[in-house]
Structure formats: C-alpha cells, structure tokens
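Residue strings, one per chain:
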Amino acid sequence: MTRALRERLPVGTSVREPPYRSVMELTEDERKELAEKLGSVQNYNGFVLREMARKDRRFFAPLIMSILSAEFRGIDFFGRFTVEVQEDKVPWHMTMAFARQTYDESRHTQLNMQLLQSLGSDVGEYPDIVLGPQRGDDIPPEELDPAILLARINVALEGFALTTFEEIRALAVETGEDLVAHCHDYNMADEVTHVGIGDYWLGKLSEEQPWRKERSARAQQEFEQALAMFRQLAMQYVGTLPDGNGAVPANSNTVN
Ligand SMILES: [Fe+2]
Ligand SMILES: [Fe+2]
C-alpha cells in the first residue's frame, strides 16, 4: 500500500525560492533593518500596514508581501489537502474543486508577486508572516479531519481574507492605487468562490458523518474568535503609533 503523503512529506517541509523566512527567523541585524523600514518590527502586520499605507504609499509593498506570504501558504495547504483527503475516500468532484482552488491560489501568488514588483519590492525583501503551526506534530490528528479543516480554513480564514481584500481594495481606490484595486478585485472574486466551496463540501461531508456538523461549527467559531481577537489587538496597537494614525518617520529605528 502507498504510504500517506504526511509520512512521505511532513507538513512544514515545503520549499520556496527564495526560502520561507518568518519574522521569528530574522537575525538581529535583519530585525533592525526591518524596524528601520517600518518604524518597528511590530508594524509588520496587515492591519497596521494598511493604516500606514493610507498615509504613505511606501507601505503598500510590505502590505502586499503580508498577503502574498499567505497566498504561498495557500498553495501549500490546498495542494496537500487535495492529496491527503484521498485517504478519506472523498467524492471525485470534491477533489476537482480543491485542485481548482490550488490553481487559484497559484494565480493569486503570481498576481501579488507582480504587484509587489510594480511597487518596487520583491519576494525576500520582507519576511513571511507567521500562520499557525507549521509542523505536523503541532496539530492534533482529530484536527486534520477534512470537515474541521474546511471549517477553519475555507470558511473562517478565507471569509476573513475576503474582508481583508475588500478593505485593501477600498483603501487602494481611496488612495488612487489603481493596480492594487484591480488585482484585489480579482482576488476577492475568487475568495467568494472559495468560501462557497468550503460551505458546500462542509455540508456534504457532514451529511455523511453527522458528528462533523457540530464539531466543525465549534472549530469555525473558535477560529473566528481568535481572528477577531488578533484584529482587535492589532487595531489597539495602531492607536498607539507615534502620531496615532500609523504614519512612521522615514528614518525611525525603533526595534521591537
Ligand atoms: Fe488566495
Ligand atoms: Fe483562497
């Protein structure tokens, strides 16, 4: 019998060129450099950067990198998901739906990479954002049930991404960043479909195994609460920035 993908390719071993590098993995000098660019390492956060970009277009590049970082993870996650759920004997058209979604995430990656370049940056200038546990052994096996994953990732996380894209698109329209507005309009359209795919297959999988319904609803709620808390914390932090609106002195070198 073929060995499971998880045994052949443990979670957290995906590679990229240039390699994945989160804020936590930066050297002291690199942290200083990031702090010089952004005023503080803590400002490397989608919510804070959005407020900073509202005042100064320089901050659109790190804002887009924070999105792009999640898109790369989207390819890794949905690529694996498409293969791993084969062990659960899911319907073939569910496989097709997630293969399509993996393709969409690749397209978003390409779109945001070029957007980043158009803003004068490139992959590697800013670090990757940290997105939950990256290693297989940090995730309890029951959390890997396809319905629970769909509730957390497609419904809760992508629902959250949809709001984020809408906010970035609105900001881009307001500040005259037409290319950002245009690209995020496309991204948003796909996210609507992704949330729909998640909802649909969550319902189907729950018909097969009724225990999934209540458990996935709880997983979705927990995840949404965690995201709301994260957002609230970040927005409080925006309020404490030097001038209260996210604008940072060009040569500030505060390290946090
Ligand atoms: Fe995406
Ligand atoms: Fe997506």
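Our subject is the structure that appears above.
Computed from a predicted model, the values in this text were never measured in an experiment.

Thresholds, definitions, all that
Residues numbered from 1 in each chain as written. Chains lettered and ligands numbered in written order. Predicted model: local features only at pLDDT ≥ 70, side-chain atom pairs only at ≥ 80, totals over all residues. Heavy atoms only, no water. Donors = N, O, S within 2.8 Å, 3.2 Å for Na, K, Ca; no water. Helix = DSSP H or I, 4+ residues; strand = E, 2+ residues; numbered from the N terminus. Buried < 20%, exposed > 50% of the residue type's maximum accessible area, 1.4 Å probe, protein only. Expected span 1.5 Å × (residues − 1).

### Points about the coordination of the iron ion (ligand 2)
Then, in step 1: Those protein atoms acting as donors to the iron ion (ligand 2) are Glu105 (OE), Glu158 (OE), Glu191 (OE) and His194 (ND1), and they sit at 2.0 to 2.4 Å.
Then, in step 2: Summarised as a motif, the one-chain spacing of the donors to the iron ion (ligand 2) is E-x52-E-x32-E-x2-H.
Then, in step 3: The iron ion (ligand 1) is placed at 3.4 Å from the iron ion (ligand 2), the two being bridged by Glu105. Highlighted residues: Glu158 in helix α6 (residues 146–175) and Glu191 in helix α7 (residues 178–208), separated in sequence by 33 residues.
Then, in step 4: A relative accessible area of 6% places Glu158 in the buried class.

### Digging into the coordination of the iron ion (ligand 1)
Then, in step 1: Listed as protein donors to the iron ion (ligand 1) are Glu71 (OE), Glu105 (OE) and His108 (ND1); their distances from the metal cover 2.0 to 2.2 Å.
Then, in step 2: Ordering the donors of the iron ion (ligand 1) by residue number gives the pattern E-x33-E-x2-H.

### Topic: helix α4 (residues 60–84)
One full turn of an α-helix is made of 3.6 residues, so residues set three or four places apart face in the same direction.
Then, in step 1: Taking 1.5 Å of rise per residue, the 25 residues of α4 would be expected to cover 36 Å, and the 36 Å separating its terminal C-alpha atoms lies within 8% of that figure.
Then, in step 2: By the criterion of burial, α4 is predominantly enclosed, with 18 of the 25 residues buried.

Honestly, it's all geometry; don't read function into it.
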